[in-house]
There are 10 protein chains.
Amino acid sequence: MTREEITQQIIAARLAKGFTWQELAAAVDRPVVWTTSALLGQHPIPPEIGSVLAEMLGLDPAAVPVLAAVPVRGGLPTAVPTDPTIYRFYEALSVYGGAIKELIHEQFGDGIMSAINFSVDVQKKPHRGGDRVVVTLDGKFLAYEWNRAT
Amino acid sequence: MTREEITQQIIAARLAKGFTWQELAAAVDRPVVWTTSALLGQHPIPPEIGSVLAEMLGLDPAAVPVLAAVPVRGGLPTAVPTDPTIYRFYEALSVYGGAIKELIHEQFGDGIMSAINFSVDVQKKPHRGGDRVVVTLDGKFLAYEWNRAT
Amino acid sequence: MTREEITQQIIAARLAKGFTWQELAAAVDRPVVWTTSALLGQHPIPPEIGSVLAEMLGLDPAAVPVLAAVPVRGGLPTAVPTDPTIYRFYEALSVYGGAIKELIHEQFGDGIMSAINFSVDVQKKPHRGGDRVVVTLDGKFLAYEWNRAT
Amino acid sequence: MTREEITQQIIAARLAKGFTWQELAAAVDRPVVWTTSALLGQHPIPPEIGSVLAEMLGLDPAAVPVLAAVPVRGGLPTAVPTDPTIYRFYEALSVYGGAIKELIHEQFGDGIMSAINFSVDVQKKPHRGGDRVVVTLDGKFLAYEWNRAT
Amino acid sequence: MTREEITQQIIAARLAKGFTWQELAAAVDRPVVWTTSALLGQHPIPPEIGSVLAEMLGLDPAAVPVLAAVPVRGGLPTAVPTDPTIYRFYEALSVYGGAIKELIHEQFGDGIMSAINFSVDVQKKPHRGGDRVVVTLDGKFLAYEWNRAT
Amino acid sequence: MTREEITQQIIAARLAKGFTWQELAAAVDRPVVWTTSALLGQHPIPPEIGSVLAEMLGLDPAAVPVLAAVPVRGGLPTAVPTDPTIYRFYEALSVYGGAIKELIHEQFGDGIMSAINFSVDVQKKPHRGGDRVVVTLDGKFLAYEWNRAT
Amino acid sequence: MTREEITQQIIAARLAKGFTWQELAAAVDRPVVWTTSALLGQHPIPPEIGSVLAEMLGLDPAAVPVLAAVPVRGGLPTAVPTDPTIYRFYEALSVYGGAIKELIHEQFGDGIMSAINFSVDVQKKPHRGGDRVVVTLDGKFLAYEWNRAT
Amino acid sequence: MTREEITQQIIAARLAKGFTWQELAAAVDRPVVWTTSALLGQHPIPPEIGSVLAEMLGLDPAAVPVLAAVPVRGGLPTAVPTDPTIYRFYEALSVYGGAIKELIHEQFGDGIMSAINFSVDVQKKPHRGGDRVVVTLDGKFLAYEWNRAT
Amino acid sequence: MTREEITQQIIAARLAKGFTWQELAAAVDRPVVWTTSALLGQHPIPPEIGSVLAEMLGLDPAAVPVLAAVPVRGGLPTAVPTDPTIYRFYEALSVYGGAIKELIHEQFGDGIMSAINFSVDVQKKPHRGGDRVVVTLDGKFLAYEWNRAT
Amino acid sequence: MTREEITQQIIAARLAKGFTWQELAAAVDRPVVWTTSALLGQHPIPPEIGSVLAEMLGLDPAAVPVLAAVPVRGGLPTAVPTDPTIYRFYEALSVYGGAIKELIHEQFGDGIMSAINFSVDVQKKPHRGGDRVVVTLDGKFLAYEWNRAT
């Protein structure tokens with residue numbers, strides 16, 4: 001039973017049982033983007049949370065320690081994503097990535113936005129021209145520093 | 001004189017003259033992410049704005065109509081970006097893309113976040129663990145609709 | 001039971017039962033291109049339509065909620081398609097894509113043809129030199145606009 | 001003087017002189033999509049037309065025989081196009097290509113839409129939800145036939 | 001039962017039963033290259049022919065309608081073929097493709113050799129230096145013509 | 001002066017001077033496919049032939065020894081060719097390559113068609129359905145043999 | 001039962017039964033590199049040899065005709081091999097390939113080393129600095145010749 | 001003046017002056033494969049040797065320290081080489097690489113053939129079936145050993 | 001039972017039984033990085049060690065000879081790794097690889113760090129700014145030497 | 001004057017003037033790996049240091065502000081490096097990357113080694129079997145934490 005197999009079972013079970021991602025997140029009191037990405041195989045799920053989710057979704061209890069291990073993360077099916085909903089974010093990076101880099105350096109200096117000490121939020125917000133999807137990427141600034149262990 | 005050549009001149013002139021991107025944006029009263037991405041070759045620049053920027057940066061006036069044409073947008077140097085500051089956004093998409101897709105569908109139904117009716121914002125925000133880079137992607141929700149011209 | 005597995009079952013069942021795509025579309029009163037692409041795994045199929053199709057094709061009723069979920073869309077088997085019937089459209093894009101882009105900008109200004117608020121039509125039309133395949137791509141024009149949620 | 005160099009000169013000269021693609025097409029009385037794609041390097045341009053265009057755009061007369069030779073056609077800068085205006089057509093092929101193939105076979109039998117005996121049209125059409133880009137791909141149906149020279 | 005699975009069964013059954021491709025072609029009175037490529041999954045096989053072949057090879061009769069459907073054609077395992085016998089043809093295209101293009105244009109004008117109205121022949125011919133493989137590719141010339149449906 | 005630079009000069013000079021490939025081949029009494037591919041950089045050109053061609057095309061005499069050296073052959077601009085005239089041959093290989101391999105083995109045994117002891121011919125042949133392009137690939141059969149130097 | 005499946009069985013059976021490749025080669029009195037590559041799926045194995053090997057390795061007798069068919073050869077798992085023992089040969093080609101080409105042309109004229117009329121040998125040879133792996137590639141020289149069938 | 005530019009000058013100068021690679025190697029008393037690969041940019045050339053070669057080939061003396069620096073080695077123009085003379089070695093690796101790996105392990109144990117403590121030799125050897133190209137790859141066996149600095 | 005299948009069983013069994021990699025390494029008295037990489041399929045495992053590990057992890061004893069064979073090593077799932085923990089090492093190579101090469105040549109001369117006579121160590125070391133991961137790559141220097149067997 | 005052009009000038013000037021990387025690092029009192037990678041275009045160089053280096057290497061003073069800007073980092077010429085000295089590090093990642101990931105998680109929990117708060121060291125260390133290259137990668141451990149700006 002690999003993590004990939006468990007992820008496939010989770011996807012099927014959620015649809016069969018009719019849970020929303022929000023309901024699953026609420027059941028374990030964790031942020032919904034975190035919970036969804038964890039259930040899709042991108043984060044380890046602590047055993048006490050994994051047990052709750054496994055029971056809700058009817059997974060074999062043996063899945064719990066596998067869910068608790070750090071998975072091999074990431075990896076879209078293709079380097080350039082094909083699903084239109086996901087692709088638009090790749091396109092935004094392709095069009096605005098250079099500008100975002102320049103402005104991080106202008107505002108913070110040399111460094112990066114961490115994708116590890118990091119959170120993502122997805123919100124529905126109103127606009128007279130139609131509702132908007134607002135995705136916030138929020139990561140700690142990490143300055144390039146040349147340090148070594150003491 | 002291609003748009004690519006003008007972009008190279010802009011990059012060099014900005015460093016030589018010591019303008020910040022914010023100063024260039026302020027001079028033309030446009031959002032700084034828009035202005036930066038436009039100067040990096042990703043948007044057409046209306047002639048009245050292009051003239052101001054061309055003068056500030058010492059570009060040949062013949063650049064103005066080229067800047068005003070719609071460019072061929074996008075295109076990172078490689079499909080998977082190598083610059084660490086840009087890569088972290090690709091990684092975030094690789095790790096969280098599936099979850100963002102699921103939650104857009106759960107909150108809005110079938111459709112996408114537009115990357116055309118769209119804006120990006122880069123902010124520096126405080127946190128007790130260190131300043132954070134907060135990037136907001138804000139696009140109109142577009143529902144899948146099967147329409148045809150009348 | 002993943003969407004991909006259901007798609008394989010649909011393809012096999014349609015041939016075994018001898019339905020045309022047009023018959024399947026007529027049975028659910030939806031456009032034939034939409035119906036065909038949905039059955040090939042590219043659109044969610046509302047449960048009331050999914051039930052009809054599942055019964056016609058002899059699918060397990062448990063397929064209905066899976067068909068109703070938004071699928072991961074797109075993705076030709078290879079980035080450059082190999083099937084000659086599909087390849088000719090890629091070739092047309094390769095040869096005429098630049099011109100189409102220029103003329104959209106000339107007629108509409110800076111923006112794109114939406115592939116979401118969009119429909120496709122395939123027609124057989126006569127010509128003295130032989131019948132012609134006429135494919136109409138019809139998408140809403142979306143102007144580049146820099147908006148943000150209110 | 002290669003065809004690629006001449007194409008670059010045409011792009012620059014058109015912007016500098018302020019011609020629309022429609023004006024250039026009208027001057028030589030050819031369809032605008034054909035004229036635009038030819039000027040972008042995708043078709044040979046007969047000398048009598050090439051001479052008119054070369055004069056309008058201020059090209060060296062030595063360009064005329066190069067324009068008249070059959071070019072190496074096609075070739076987007078990357079296998080998956082990055083420009084959003086062009087990408088949407090690739091996405092449409094990725095999402096609807098399978099369905100288009102099925103329906104060509106259902107309506108015509110085994111064969112393809114020719115991309116050689118072919119024309120493209122770009123129209124602006126009204127819709128209460130906003131103007132629409134309507135692109136018509138119109139190619140002769142070619143049946144798979146196993147023939148040999150006599 | 002997909003077409004790919006049937007192709008695998010055909011390959012195994014032919015070896016187990018010891019038929020040559022020529023014998024299979026003769027049994028259905030079709031050209032041997034056509035028959036071989038069809039049995040390898042590249043052409044639809046009309047039911048009356050498919051029934052004969054299915055019986056000879058011991059296939060399930062349910063394979064007949066699947067064989068009769070237009071398959072997704074083409075697609076070598078890798079973009080550059082690795083099998084030496086197939087690779088030599090890719091190499092010939094790599095070395096002589098430019099010259100063939102030039103001479104088609106010189107002899108016929110602007111256009112292509114059709115790969116649809118097309119046949120292939122493989123012959124063994126003598127030469128004092130050793131037998132030769134003579135492969136003839138024979139396709140209708142298609143001129144670039146800008147036509148549209150009436 | 002590299003071979004690639006000389007090839008570019010040959011292409012330009014041929015168009016400017018208006019020679020056909022056939023005329024160039026006749027001038028040196030060599031087969032036209034050989035001559036064309038050699039002038040496009042795919043074969044060494046013996047000095048006595050190179051001198052004639054260099055004079056006809058107005059090349060610097062220093063080009064003659066470069067033309068006489070064995071070039072780095074092959075290499076389409078992309079692994080999958082984009083030019084439609086060349087692509088059809090790749091498509092033919094993609095669709096019929098497996099069958100050609102099987103039939104070479106059935107007729108000759110285990111081995112390949114040489115692409116070195118090899119010739120190509122391009123002919124225009126009549127057919128009631130329209131003229132046909134007939135390309136003949138003719139290579140020595142090479143059997144797999146496990147030999148070693150004595 | 002495909003050739004690939006039989007190859008997997010051979011690999012497993014050889015380890016389980018503890019045969020060396022040399023022992024298998026000796027049993028059928030063929031060169032060890034030939035025997036090993038054939039058992040790894042790269043050459044047809046004549047039935048009389050295939051029967052001996054199938055019995056030694058405990059394969060199903062039905063494997064014998066599959067082993068006797070010409071396989072689809074070649075194809076490393078990735079275009080650039082990752083296994084260090086195999087990679088060093090790719091690296092040698094990357095570093096010395098240009099020189100080997102030049103020297104084949106200098107010693108033999110225009111042509112290639114055949115990889116079909118060809119043998120490989122692997123030897124362990126002493127050196128005061130440590131034993132050396134000596135791999136000899138021995139192929140017939142094939143001159144570029146423009147011949148056609150008579 | 002980069003190493004790549006010097007390599008281009010060497011290639012051109014050698015043809016213009018008519019030196020064989022063997023003559024250049026003899027002039028500096030080094031093995032001919034080493035000398036050829038070094039002149040093609042794959043090895044540093046000690047200054048005393050570089051001076052001799054620079055003078056023979058008419059290079060600027062400033063090239064000598066650039067030739068003496070360790071170059072960035074390797075790198076065929078494409079991952080899969082296209083030149084037929086070079087490709088055959090890639091094909092041999094593709095067909096025999098697995099067998100060579102197995103036999104190195106069988107004869108030597110776990111480890112590799114070094115491509116650093118390594119030499120290559122190209123010989124012309126007779127055979128009644130025609131001259132043969134014999135390429136010997138000779139590298140030190142390196143056993144996998146888990147060592148660390150003291 | 002292939003090595004890949006055994007690796008999957010090891011990964012699952014370790015999580016199910018709750019062993020740390022350190023415990024497994026201690027049980028066989030081997031370095032922990034070596035043991036972990038060997039259990040992940042990258043090194044042959046001598047039978048006496050393999051037997052101990054197979055018993056601890058509940059593997060079939062038939063796995064022992066498969067574990068003892070030299071595996072096909074290496075090969076990340078994609079050429080550019082996607083897992084963030086692994087990617088950072090690729091990024092370090094992308095940013096610092098050129099400098100490391102220059103300094104190896106400056107300190108040692110022309111040559112490489114062996115990845116065969118090699119060890120890796122992972123340590124947790126303190127720093128006032130937070131614990132640090134210290135990975136030491138320790139390989140024998142191998143000078144480029146042109147030797148041949150005696 | 002782009003950063004890439006300045007990097008090329010630095011490489012050429014260092015060889016022409018005969019400076020070691022260590023001498024350049026000592027002149028500006030920075031670690032040698034940092035200085036080398038910065039001079040190879042991977043880090044911004046503060047103006048006071050840039051001025052010293054520009055003078056030593058004879059660069060145009062206008063290079064100083066370009067050197068001081070944050071560069072687009074990373075990017076080996078190919079995704080899989082070809083230079084043997086650099087490749088061995090890629091190979092080490094390919095063979096040991098999975099084990100390093102597992103052990104970071106076992107020792108530190110879920111997270112990564114930072115490549116930003118990071119240093120690299122290259123040392124020559126003795127061993128009775130020959131000198132060893134010891135490369136130490138030393139990065140801050142970053143735990144996966146789900147934080148957001150306050």
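The structure presented is a predicted model; accordingly, all values stated were derived computationally and were not measured. (Residues numbered from 1 in each chain as written. Chains lettered and ligands numbered in written order. Predicted model: local features only at pLDDT ≥ 70, side-chain atom pairs only at ≥ 80, totals over all residues. Heavy atoms only, no water.)

**Student:** Before we move on, could you go through the environment of Ala62(J) and cite the residues and values that matter?
**Tutor:** All names here are of chain J. Tracing the backbone shows Ala62 in the loop between α4 (47–57) and α5 (63–68). Accessibility expressed as a relative area gives 38% for Ala62, which makes it partly exposed. Distance in space between the C-alpha atoms of Ala62 and Ser51 is 9.7 Å, their sequence separation being 11 residues. (Helix = DSSP H or I, 4+ residues; strand = E, 2+ residues; numbered from the N terminus. Buried < 20%, exposed > 50% of the residue type's maximum accessible area, 1.4 Å probe, protein only.)

**Student:** Describe in detail the packing of aromatic side chains, supporting the description with residues and values.
**Tutor:** Per the counting criterion, the structure on display carries 50 aromatic pairs over all chains. Centre to centre, the rings of Tyr87(B) and Tyr90(B) are 5.9 Å apart; their planes meet at 45 degrees, and the pair counts as tilted. A residue pair is termed a helical-turn pair when its members lie 3 or 4 positions apart in one helix, as Tyr87(B) and Tyr90(B) do in helix α6 (residues 84–108) at three residues. Neither residue differs from the other here; Tyr87(B) and Tyr90(B) are each classed as buried. Ring centres of Phe108(D) and Phe141(D) lie 4.8 Å apart, and the angle between their planes is 25 degrees; this geometry places the pair in the stacked category. Of this pair, Phe108(D) sits in helix α6 (residues 84–108) while Phe141(D) sits in strand β2 (residues 132–143), and the two are 33 residues apart along the sequence. Across the pair, Phe141(D) and Phe108(D) agree in class, each one buried. Positioned above the aromatic ring of Trp34(B), the side-chain terminus of Arg30(B) is 3.9 Å from the ring centre. (Phe/Tyr/Trp six-rings, centres within 6.5 Å; stacked < 30°, edge-to-face > 60°. Lys NZ or Arg CZ within 6 Å of the ring centre and 35° of its normal.)

**Student:** Got a sec to walk through the UniProt feature "domain: Cyanate lyase C-terminal" (unreviewed entry) in chain A? Specific residues and values, please.
**Tutor:** Here the UniProt-annotated "domain: Cyanate lyase C-terminal" (unreviewed entry) positions come out as residues 75–146 of chain A. A helix fraction of 35% and a strand fraction of 38% characterise residues 75–146 of chain A, whose end C-alpha atoms lie 30 Å from each other. (UniProt positions renumbered as here; feature names shortened; annotations may be inferred.)

**Student:** Break down the relation of the copies chain A and chain B for me, citing the residues and quoting the values.
**Tutor:** With an RMSD of 0.0 Å, the fit of chain A onto chain B corresponds to turning through 180 degrees and sliding 0.0 Å along the axis. As the rotation angle and translation indicate, the two copies are arranged about a two-fold axis. Every residue of chain A has its C-alpha some distance from the rotation axis, and the shortest such distance is that of Thr136(A), at 2.2 Å. Comparing contact sets, 100% of the residues at the interface of chain A also lie at the interface in chain B, consistent with an isologous, same-surface contact. (Least-squares fit on C-alpha atoms with pLDDT ≥ 70 in both. Contact = heavy atoms within 4.5 Å.)

**Student:** Go over helix α6 (residues 84–108) of chain F with me, naming the residues and quoting the values.
**Tutor:** All names here are of chain F. The largest bend in α6 comes to about 60 degrees, at Tyr96. Burial analysis of α6 places 21 of its 25 residues in the buried class, the great majority of the element. Taken from the residues just after α6, Gly109 is the one with a positive phi, measuring 100 degrees. (Bend = angle between axes of the 7 residues up to and from the residue.)

**Student:** Can you lay out the interface of chain G and chain H for me, pointing to particular residues and giving the numbers?
**Tutor:** Contacts between the two partners involve 68 residues from chain G and, on the opposite side, 68 residues from chain H. Approximately 6400 Å² of surface area, both sides summed, lies buried where chain G meets chain H, with 67% of it carried by carbon and sulfur atoms. Three residues stand out in chain G for area buried against chain H, namely Tyr96(G), Arg132(G) and Val133(G), and they jointly supply 10% of the buried area on that side. Between the two partners, chain G and chain H, sit eight salt bridges. Glu106(H) is the salt-bridge partner of Arg14(G), the closest N and O atoms lying 3.8 Å from each other. Linking chain G to chain H there are 31 residue pairs in polar contact (both at pLDDT 80 or more). Within the residue set of the side of chain G that touches chain H, elements represented by two or more residues are α2 (21–28), α3 (32–39), α6 (84–108), β1 (111–125) and β2 (132–143) of chain G. Of the residues belonging to the side of chain G that touches chain H, the class tally is 33 nonpolar, 22 polar and 13 charged. (Buried area = accessible area lost by both parts, 1.4 Å probe. Salt bridge = Lys/Arg side-chain N within 4 Å of Asp/Glu carboxyl O. Polar contact = N/O pair within 3.5 Å; in protein donor to acceptor, adjacent residues only side chain to side chain. Nonpolar A, V, L, I, M, F, W, Y, C, P; charged D, E, K, R; others polar.)

**Student:** Hey, could you go over the interface of chain A and chain B for me, with residue numbers and the actual values?
**Tutor:** The interface of chain A with chain B comprises 68 residues on the first partner and 68 residues on the second. Buried surface at the junction of chain A and chain B, summed over both partners, amounts to about 6400 Å²; 67% is from carbon and sulfur atoms. Of all residues in chain A, Tyr96(A), Arg132(A) and Val133(A) give up the largest surface area on contact with chain B, accounting jointly for 11% of the area buried on that side. For the pair chain A and chain B, the interface holds eight salt bridges. Here Glu102(A) and Arg14(B) are joined by a salt bridge, their closest N and O atoms 3.5 Å apart. Here chain A and chain B share 31 residue pairs in polar contact (both at pLDDT 80 or more) between them. Broken down by secondary-structure element, the contributors of at least two residues to the side of chain A that touches chain B are α2 (21–28), α3 (32–39), α6 (84–108), β1 (111–125) and β2 (132–143) of chain A.

**Student:** Residue-level account of the domain arrangement of chain A, with values.
**Tutor:** The domain boundaries assigned to chain A delineate domain 1 (3–68) and domain 2 (84–143). The centre of domain 1 of chain A, based on its C-alpha atoms, is set 27 Å off from the matching centre of domain 2 of chain A. (Domains from an automatic or database assignment.)

**Student:** Tell me about the pattern of salt bridges, and name the residues and values.
**Tutor:** The tally for this structure, following the rule as stated, stands at 60 salt bridges over all chains. One network of salt bridges, with partners in common, ties together Arg14(A), Glu102(B) and Glu106(B).

**Student:** Give me the arrangement of the chains: which residues, what numbers.
**Tutor:** Chain B makes no contact with chain F; the smallest distance between any of their C-alpha atoms is 16 Å. There is no contact between chain D and chain H; across them, the least C-alpha separation is 16 Å.

**Student:** Could you give me a rundown of the sheet that holds strand β1 (residues 111–125) of chain F, with the residues and numbers involved?
**Tutor:** Think of a sheet as strands paired side by side through backbone hydrogen bonds, with each pair either parallel or antiparallel. Taken together, the four strands give an open sheet; going across it, the order is β1(E)-β2(E)-β2(F)-β1(F), and neighbouring strands pair in antiparallel fashion. Looking at strand neighbours, the two that pair on one side only are β1 (111–125) of chain E together with β1 of chain F, the edges of this open sheet. Ignoring strand direction, the axes of neighbouring strands in this sheet form an average angle of 15 degrees. (Pairing = 2+ DSSP bridges. Axes fitted to C-alpha atoms, helices over the stretch in contact; angles between N-to-C directions.)

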